[in-house]
Amino acid sequence: MTTPALLPLSGRRIPALSPGASSFPHHRATLRLSEKFILLLILSAFITLCFGAFFFLPDNSKHKRFDLGLEDVLIPHIDAPKVGKHAAGQVVIHGQGGHDEHRHREEEESLRDKIRADHERALQEAKEKLRKSRAELQAEIQTEKVRVVEELKKKEAGPRPLPPVPMPKVVGVSDGEPPEPAVKEKRDKIREMMKHAWDSYRQYGWGHNELKPLAKKGHTTNIFGNSQMGATIVDALDSLYIMGLHEEFKDGQGWIEQNLDFTGVNAEVSVFEVNIRFIGGLLAAYYLSGQEVFKLKAVQLAEKLLPAFNTPTGIPWAMVNLKSGVGRNWGWASAGSSILAEFGTLHMEFVHLTYLTGNPVYYQKVMHIRKLLAKMDRPNGLYPNYLNPRTGRWGQHHTSVGGLGDSFYEYLLKAWLMSDKTDTEARKTYDDAIEAIERHLIRKSNGGLTFIGEWKNGHLERKMGHLTCFAGGMFALGADGSPDDKAGHYLQLGAEIAHTCHESYDRTVLKLGPEAFKFDSGLEAVAVRQNEKYYILRPEVIETYWYMWRFTHDPKYRQWGWEAAQAIDKYCRVSGGFSGVKDVYSSNPTYDDVQQSFFLAETLKYLYLLFSSDDLLPLDSWVFNTEAHPLPVLHLGNITLPGSQPAQR
């Protein structure tokens, strides 16, 4: 056992020794505070080791919880005492008779012997520390101080420069002006809405994560750890760039250069939200503009997220503290589970991080998740929304293509597209998942509306969320390459979902869609509960309109998009920006007073693209992450990502 590293003694008060300390010899009682501190650290480390050992004693029940056929993918990345073939946490294969039982007992005894030896060694080292003279203790303290100073110097020196890599083919990053004057007029209106949203944030919420447009002040939520990380700035950068708002883009870049620093930030953030908004936004800004600062900031932040993967299964925690690296899951999630749409929505960004840095760890983390999921049983072929990162078992059997599940399926398809269609494993996983979704979740209402319900504990709930409306665009995007010549079928399915979601808008007073809507009791595409009648500037319906426009050029999609844009401008616009509304069925709605960062990243970007020509961010060269941040297709050819296997076409 090595001496525990000391914290820098930088003016922090150390509690006085308890009265019991007077039983030490007199010369020990007169030690200076720093010397008492090191003694307390040694004793506390020893006590922790003794009690902590009980948690490492073998327990058959703990072995059995991993008996899922996952022995080659569970916790290969966690350091633990290894005994024979059974590394700590690996599965024990049952049913091989008394020989396995005997070998298992031998391994348990060997592990106990190792723990006893560790205890004895720790006790001996503690005794030796207590026998040392004051001069020796002072020398150790000084050595530790020097080490801490050296580490601080390394941190202040900044990160090592990233290796040069070839820039992927980048096309269609500007212009896209439509030839029709009427369409150009609509596009100009969307740009004006973007400028109003940005200018309001610039004036009233600069540096804060989001804006309260009525109160005209900054706003943040717990997904950003209640810290001021400039989420709206990072999220909006690529929208500003493609809309030609270059002065505003430079303002945002300047703030990021001077203020976006994750060093020492003591904030617990959502891994998923920070990945899609910050890392995705920074990578997109880098690829569009070529400015190195965005790439460097993305990599610095990504390194802070990696400790979230330190779980027994490698399935990341939902939240991680950027300073301590400590992770945990949402308290409301089923039995302490991680969320499918969160740990399943990392692939695009992490593959690009490995490509840009040459560090295979990002690629390996997301491929490990895929490998683990491929080994697991899926009820009815469906992926439940909850997975326990400690046990590797599914939580509540709830499957949704909306919240909690949505972008997992999206990223399977987009992993294939982003790989220049070489990642056939991702494509097959997507196809299999969509086949099960069609069989169990997709239905047609009595009124002829196609909807996607939610599977809960063996039965279908006939409710569809606004978030689920993205799936129309996903089906259209994945139509080409579908098995069994079903491209036409999936393009039609996308059109039917787009129609249903348009109906959810058209059946409201404000012509804006509710958060969720039902298909039973004679009501179709209408919200029933009061807490489902709000609209918070969400993009998913407009996203589907855009994809359907790109693949069909049916003019109704531009018409539907323009209806939504007019409704947003009429009912959500206020002097200090744009706000969500609490009831889309009320002619006199109240505001929620939040201008979401995704309104600038997604809603306005998809509207702008809907009224642009197809050569602006063409879909054969760009793939949009789930926050609408465009990342280039990696036309790798014979290039292999570090840590990967050569792709097979």
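See the structure printed just above.
Conventions adopted
- Residues numbered from 1 in each chain as written.
- Predicted model: local features only at pLDDT ≥ 70, side-chain atom pairs only at ≥ 80, totals over all residues.
- Heavy atoms only, no water.
- Core = buried A, V, L, I, M, F, W, Y, C linked by side-chain atoms within 4.5 Å.
- Buried < 20%, exposed > 50% of the residue type's maximum accessible area, 1.4 Å probe, protein only.
- Helix = DSSP H or I, 4+ residues; strand = E, 2+ residues; numbered from the N terminus.
- Contact = heavy atoms within 4.5 Å.
- Pairing = 2+ DSSP bridges.
- Axes fitted to C-alpha atoms, helices over the stretch in contact; angles between N-to-C directions.
- Phe/Tyr/Trp six-rings, centres within 6.5 Å; stacked < 30°, edge-to-face > 60°.
- Lys NZ or Arg CZ within 6 Å of the ring centre and 35° of its normal.
- Disulfide = S-S within 2.5 Å.

Asks: Would you take a moment to explain the nonpolar core for this structure?
Replies: Within soluble globular proteins, side chains that are nonpolar tend to cluster in buried spots. Counting 163 residues, the largest nonpolar core has Leu373, Phe475 and Ile568 as its most contacted members. For this core, the leading source of residues is helix H9 (residues 271-289), giving 12 residues. Among residues more than four places away in sequence, those in contact with leucine 373 are Phe343, Arg378, Tyr383, Leu387, Trp394 and Phe408.

Asks: So what exactly am I meant to see when it comes to the sheet that holds strand S16 (residues 516-520) here?
Replies: Either a parallel or an antiparallel arrangement is found when strands of a sheet pair, and the pairing is made through backbone hydrogen bonds. Reading across the sheet, the three strands line up as S15-S16-S17 and stay open at both edges, with antiparallel pairing between neighbours. Where the open sheet ends on each side, the last strands, each with one partner, are strand S15 (463-465) and strand S17 (523-526). In this sheet, neighbouring strand axes are inclined to one another by 20 degrees on average, regardless of whether the strands run parallel or antiparallel. Pairing geometry for S15 and S16, over three bridges, is antiparallel. When the bridges of S16 are listed, methionine 464 appears paired with phenylalanine 517.

Asks: I'm lost on the packing of aromatic side chains in this one. Help?
Replies: Geometrically, a pair of aromatic rings is defined through the distance of the ring centres and the angle of the planes. Under the definition given, this model contains 26 aromatic pairs. Considering the side-chain rings of phenylalanine 475 and tyrosine 490, the 6.3 Å spacing of their centres and the 35 degrees angle between planes classify their relative orientation as tilted. You can see phenylalanine 475 sitting in helix H16 (residues 471-477) and its partner tyrosine 490 sitting in helix H17 (residues 487-506), a full 15 residues away along the chain. When sorted by exposure, phenylalanine 475 lands in the same class as tyrosine 490, which is buried. For the ring pair tyrosine 557 and tryptophan 560, a centre distance of 5.6 Å and an interplane angle of 85 degrees mean the geometry is edge-to-face. Highlighted residues: tyrosine 557 and tryptophan 560, both in helix H19 (residues 555-571), separated by three residues, approximately one helical turn. Comparing tyrosine 557 with tryptophan 560 shows no difference in burial state: the two are buried. Among the aromatic residues, those joined into a cluster by ring pairs are Tyr383, Trp394, Phe408 and Tyr409. The side chain of lysine 186 reaches across the aromatic face of tryptophan 562, ending 5.3 Å from its centre.

Asks: Could you clarify how one ought to interpret the state of the cysteines in this entry?
Replies: Disulfide: a covalent bond connecting the sulfur atoms of a pair of cysteines. Counted according to the given criterion, the structure contains one disulfide. Each sulfur in the disulfide pair cysteine 469 and cysteine 501 lies 2.0 Å from the other. On the sign convention where negative means left-handed, the S-S torsion of about -95 degrees between cysteine 469 and cysteine 501 marks this disulfide as left-handed. Of this pair, cysteine 469 sits in the loop between S15 and H16 while cysteine 501 is found in helix H17, placing the two residues 32 residues apart along the sequence. Among the residues examined, cysteine 469 registers a relative accessible area of 0% and is labelled buried. Among the residues examined, cysteine 501 registers a relative accessible area of 1% and is labelled buried.

Geometry only, nothing functional implied.
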